[in-house]
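The lines below spell out each chain.
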Amino acid sequence: MDGSTARRFRSELLEWAEENLREFSWRDPDRSLYEVFVAEFFLTQTPAENVATVYPRFLDRFSSLGAIEEAEESELAEVIEPLGFYNMRSDALKQIADEHDTLPETVDELTDLVRVGPYVANATLCFAHGEPLPILDRNVERVYDRVFGDEWPDSPTERRQFADRHLSTDRPRTYNLALLDFGAAICQPEPLCSECFANGYCEYYQER
Ligand code: SF4
């Protein structure tokens, strides 16, 4: 696939996003870093629809790291319980709140927090501040793997570099949201290729 096709995918994905991005309350552009972080922390290993049921209640009760610090861990666990992994999650949030008055604002500092990996750190900074940081989760990797075929590298380091190169630097927030939603709505595990804008050049579709 040449560079012009990669640019075409990026451009068409952004165009697709104009009509198709899902609406979730944590995607409101006015959300604070803390509010976006909470959503991304919960979205790890949990479907967005489940997070949507807990998120407003959590923020009503715990509007800041200070509120978490003052709470009992059992109170946290009770609110988080419907998401699963509630002991692990409440334990981690409590530890973060005990050690920080406010969230740090760099990838390195965020990934130093307990149970915060590169995905949550990059997604938080991109969605809250518009920073041009790539995101890679299982769904995004599936999209890149299918569209780019042999160009999609094997090693984690090269995959991060690949994602960095393909990010839209002028609209990183929309591009990353579009990747997530395209992977959820069209390029699903059972892909809807006949409805897909990329089926004219997607390596997976061309080789079927
Ligand atoms: S053509 Fe099919 S496999 Fe390729 S990106 Fe579209 S939905 Fe995914």
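A quick note: this is a predicted structure, and the numbers were derived from the prediction, not measured.

## Digging into the environment of Pro172
Here Pro172 shows up in helix H11 (residues 172–185). Residue class for Pro172 comes out buried when judged on its relative accessible area of 6%. Non-local contacts of Pro172, meaning those with residues more than four positions away in its chain, are made with Cys126, Gly130, Glu131, Pro132 and Leu167.

## Focus: the domain arrangement of the protein chain
For the protein chain, the assigned domains are domain 1 (3–22 + 133–206) and domain 2 (31–129). Relative placement of domain 1 and domain 2: their C-alpha centres are 27 Å apart. At the junction of the two partners, domain 1 supplies 11 residues and domain 2 supplies 9 residues. Summing both partners gives a buried area of about 810 Å² for domain 1 against domain 2, and 71% of it is carried by carbon and sulfur. Three residues, Leu133, Ile135 and Arg173, lead the burial of domain 1 against domain 2; their summed loss comes to 53% of the area buried on that side. Our count for the domain 1 to domain 2 interface comes out at 2 residue pairs in polar contact (both at pLDDT 80 or more). Residue composition of the side of domain 1 that touches domain 2, grouped by class: 7 nonpolar, 1 polar and 3 charged.

## Observations regarding a negative patch on the surface
Taken together, Glu105, Asp108, Glu109 and Asp112 make up a surface patch of like negative charges. Summarising the element assignment, Glu105 is placed in the loop between helix H6 (86–99) and helix H7 (107–111).

## Re the side chain of Thr124
Looking at the element boundaries, Thr124 is found in helix H8 (residues 118–129). Judged by relative accessible area, Thr124 falls into the buried class, the value being 0%. Apart from residues lying up to four places away in sequence, Thr124 is in contact with Leu33, Val36, Phe37, Glu40 and His129.

## Quick word on the packing of helix H3 (residues 48–61) against helix H5 (residues 73–80)
Between H3 and H5, the shortest axis-to-axis distance is 9 Å and the interhelical angle comes to 155 degrees. Relative to H5, H3 is oriented roughly antiparallel. Counted together, Val54, Arg57, Phe58 and Arg61 of H3 and Glu75, Leu76, Val79 and Ile80 of H5 form the full contact between these two elements. When grouped by side-chain class, the residues that make up the contact of H3 with H5 number 5 nonpolar, no polar and 3 charged.

## Overview of helix H10 (residues 156–166)
Buried within H10 are the following residues: Arg159, Phe162, Ala163 and His166. Down the axis of H10, the buried set is contained in an arc of 95 degrees. They therefore lie on one face. Packing partners of the buried residues in H10 comprise helix H1 (3–20), helix H9 (138–148) and H11.

Conventions adopted
- Numbering of residues starts from 1 in each chain and follows the order in which that chain's sequence is written.
- It should be noted that, the model being predicted, local features are given only for residues of pLDDT at least 70 and side-chain atom pairs only at 80 or more, the latter also being counted only at that level, while totals for whole chains, interfaces and linings use all residues.
- Only hydrogens and water are set aside when side-chain values are computed; all heavy atoms of the structure are taken into account.
- A run of DSSP states H or I qualifies as a helix once it reaches four residues; a run of E qualifies as a strand once it reaches two. Both are numbered from the N-terminal end.
- Only protein chains enter the calculation, and the probe is 1.4 Å; a residue is then buried if its accessible area is under 20% of its type maximum, exposed if over 50%, and partly exposed in between.
- Here, two residues are considered to be in contact whenever any of their heavy atoms come within 4.5 Å of each other.
- Either an automatic procedure or a domain database provided the assignment from which the domain bounds are taken.
- Accessible surface is computed with a 1.4 Å probe, and the buried area is the amount of it that two parts give up when combined, taken over both parts together.
- Under this definition, polar contacts are N or O atom pairs within 3.5 Å; protein pairs additionally need one hydrogen-donor-capable and one acceptor-capable atom, and for neighbouring residues in sequence, both atoms have to be side-chain atoms.
- When residues are grouped by polarity, Ala, Val, Leu, Ile, Met, Phe, Trp, Tyr, Cys and Pro land in nonpolar, Asp, Glu, Lys and Arg in charged, and all others, Gly among them, in polar.
- Here, patches come from residues exposed beyond 30% relative accessible area and free of salt bridges, joined within 9 Å for like charges and within 5 Å for nonpolar side chains (Val, Leu, Ile, Met, Phe, Trp, Tyr).
- In short, Shrake-Rupley with a 1.4 Å probe defines the accessible areas, and a residue's cover is counted only from the protein chains shown.
- Here, a salt bridge means any side-chain nitrogen of Lys or Arg that lies within 4 Å of a carboxyl oxygen of Asp or Glu.
- His is not counted here, nor are the chain ends, while Lys and Arg score as positive and Asp and Glu score as negative.
- For this purpose, a charge sits on NZ of Lys, CZ of Arg, CG of Asp or CD of Glu.
- Each axis is a line fitted through C-alpha atoms, taken for helices only over the stretch in contact, and angles between the N-to-C directions span 0 to 180 degrees.
- These descriptions rest on fixed angle ranges, namely under 35 degrees for roughly parallel, over 145 for roughly antiparallel, 65 to 115 for roughly perpendicular, and the rest for oblique.
- It is the directions from the helix axis to the C-beta atoms whose arc is reported.

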